[in-house]
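Each chain, letter by letter, is given below.
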Amino acid sequence: FIGYLPNVKTMVADWTGEDHDSDQLFFTNIYINPEKRKSINITLDSRCRLFQNLNGALDEVVLKFEDSRVRARNVLYDTLPVIVHGNGPTKLQVNYLGNYIPKVWTFETGCTECHQNLRPLTGIQESEFPQVTIGVFIQQPTPFLTVFFERLLNLQYPKNRLKVFIYNQESHHKKQVDSFLESHGGLYQDVKVVGPEGADTDSISSRNLGLDLCRQDKQCKYFFSVDSEVVLKNKDTLKILIERNLPIVAPMITRPGRLWSNFWGALSADGFYARSEDYVDIVQGRRVGVWNVPYISSVYLVKGDVLRSGIPDYDLFSSDTQDADMAFCTSVRSKGVFLYVTNMHTFGRILSVENYQTKHLHNDLWQIFENPVDFEERYIHPNYSLIMKDKLIETPCPDVYWFPMFSEVACDHFVQEMEHFGQWSGGGAVDKRIQGGYENVPTIDIHMNQVGYEKEWHKLLLDYVAPITEKLFPGYYTKCESNLNFVVRYKPDEQPLLRPHHDASTFTINVALNTKDVDYQGGGCRFIRYNCSVEAPRKGWSIMHPGRLTHYHEGLPTTGGVRYIAVSFIDP
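Here we summarise the structure given alongside this text. Per-chain numbering applies: the sequence of each chain, read as written, is numbered from 1 onward. In keeping with the predicted nature of the model, local features appear solely for residues at pLDDT of at least 70, side-chain atom pairs appear and are counted solely at 80 or more, and the whole-chain, interface and lining totals rest on all residues. Water and hydrogen atoms play no part in the side-chain values, which are based on all heavy atoms of the structure.

## Some thoughts on the side chain of N485
Then step 1. Helix and strand assignments come from DSSP, with helices taken as H or I runs of at least 4 residues and strands as E runs of at least 2, each series counted from the N terminus. Relative to the assigned elements, N485 resides in strand β24 (residues 484-490).
Then step 2. In the analysis that follows, any N or O atom pair within 3.5 Å is treated as a polar contact, provided that within protein one partner can donate a hydrogen and the other can accept it, and provided that, for residues neighboring in sequence, both atoms belong to side chains. There is a polar contact of 3.4 Å between the side chain of N485 and the side chain of W457.
Then step 3. Reaching out from N485, the side chain makes a polar contact with the side chain of S568 at a distance of 2.6 Å.

Here is the structure:
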């Protein structure tokens, strides 16, 4: 209520109750007494001209953006109340409104409070940086885990101010964890690992344990929780979050091409996901700032002091009705601790892990559909994007084009995958793998469909070969149909060369998978009509040439070592 002091004094003069008695009942009894209501001159603000109680009225209140300020608008009465009361179960809506009202964020100014109360690290000696415990949680088979650890290592923060706690639930990933620790574990102040053999530790207890390691260590100023499916592209993420100086803050990460992110802007009545009015704008970067939200997951920073005083309970992740992340956020909010997410920087993305299979040697090769951005970063040549812009295509022979396609890692993984499979053809003309059962010019090879890579290889051709083909051969559009995609192995004592032949294709690609004079000697491809040879194919580079009529060619003898190439006969 609001009123003139003499009237308020008269209203409270008859109070005789204790501090714990209901003042609400006291005031209500005065109001419903006609004589007292009239004598004190009490008016009920039933149209929300001054006061807006949110309980029971959530659908009636929206944001009204004015010039450089934001108001709460009651759409039922078309009023602009100046006091918003989050009574009852409406605290999250108050937090949402508080992200804007009155001038926290506007379309004209953006975020006006995002540079206040910061904790800058510039000018501080690295030896004085806050000590951080990083908790890494591997709770399911996860693609590109080797790259995850590379990015963890590359975080721009002094390693001697970091402790690392790793929980690995997957036996499949023990090799990557051990490799990281063997190579880099000594750089950190301390390392603790709980592996799949830790029968008493599950996903929930591991998260409680990780937080408690920081809670019990008075030198621990922050706990940085990172799930293995998080792709942290920003090397300064940890420093940026520390400088925000907030109790709990998450860097916003998204899934490419989708509206999925690691925060929720609102909750439904039963505590699950609901889309807030501003969610899409925040995810797509049209509204940039630091946002008080009801739910975060996957990656976040927690202040050590908050763990010790604000949320001292050991078990924050258990619930009979909610998953671990939801239970954590509920536990934190119930203690009056706010959760924030920032999209003021680009931090990274999150992997799709739902369909990740672990039945191959290098399972990440199969991720071109599920995680195409990460696949490209890992397996496509770093100079591929320069092909069109910088005309990074060479012509070593007439109508023979040479361009970068695969990274070194991709070449190694394809070779290792084929050798791991091990079922190389005998190099004879009779070949039941192909239509008709007869191969005119046989090689010792393994077909992509033998290792279950036919669909993925076709996607590779469509995404990375077709655009180049259409550029080099104007007017020719290809769907990259091919019934022969294979890896060939040349060895002096097995099959050193390939006799002159045409390919059963409109055009052929031939990708070198290893390096001449390092992995093998000799080799190459000679185009007989032009008496022109490509004798030193670069690892990861593809040769593209017409298959029929003009480009009669042969495989030159491999004189030492083992040579591998990946071949596709396209548009037969």
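Resuming the write-up.
## Digging into the environment of E108
Then step 1. Looking at where E108 falls in the secondary structure, it is placed in the loop between β5 (105-106) and β6 (110-111).
Then step 2. Considered as a pair, E108 and L351 are 243 residues apart in the sequence and their alpha carbons are 35 Å apart.
Then step 3. Once residues lying within four places of it in the same chain are set aside, the contact partners of E108 are E66, D67 and S68. In what follows, a contact means two residues having at least one pair of non-hydrogen atoms within 4.5 Å.

## As for the side chain of Q131
Then step 1. Its place among the elements puts Q131 in strand β7 (residues 131-138).
Then step 2. Of the polar contacts made by the side chain of Q131, one reaches the side chain of D217; its length is 3.0 Å.
Then step 3. With near-sequence residues (within four places) excluded, Q131 lies in contact with R161, K163, Q189, D217, Q219, C220, K221 and Y222.

## Notes on the nonpolar core
Then step 1. Nonpolar cores are built from buried Ala, Val, Leu, Ile, Met, Phe, Trp, Tyr and Cys residues. Side-chain atoms within 4.5 Å join them into one set. Three labels apply to residues, based on accessible area from a 1.4 Å probe with only protein chains included: buried if under 20% of the type maximum, exposed if over 50%, partly exposed otherwise in between. Core analysis: the largest hydrophobic core is formed by 83 residues, its most contacted members being F224, I248 and I296.
Then step 2. Every residue in contact with I296, bar those within four places of it in the chain, is listed here: I248, A250, N262, F263, D325, C329, L339, Y340 and V341.
Then step 3. Among the nonpolar cores identified, the runner-up in size contains 47 residues, and V231, L365, V487 and M544 belong to it.

## Points about the sheet that holds strand β9 (residues 190-194)
Pairing between the strands of a sheet is mediated by backbone hydrogen bonds and can be parallel or antiparallel.
Then step 1. With respect to topology, eight strands assemble into an open sheet ordered β9-β8-β7-β10-β18-β12-β19-β16, the strand pairing being mixed. Where the open sheet ends on each side, the last strands, each with one partner, are β9 and β16 (290-293). In this sheet, adjacent strand axes meet at a mean angle of 20° when their direction is disregarded.
Then step 2. Pairing between two strands is assigned when DSSP locates at least 2 bridges connecting them. Looking at chain direction, β16 and strand β19 (residues 339-342) are connected through four bridges and run antiparallel. Looking at the pairing, V293 lines up with L339 of β19.
Then step 3. Only the contacting stretch of a helix is used when fitting its axis, a line to C-alpha atoms as for every element, and angles between N-to-C directions run 0 to 180 degrees. Helix α6 (residues 174-184) contacts β7, β8 (162-168) and β9 of the sheet and is inclined by roughly 165° relative to β8.
Then step 4. Against the sheet, helix α11 (residues 324-334) touches β12 (248-251), β18 (299-303) and β19, its axis set at about 120° to β19.

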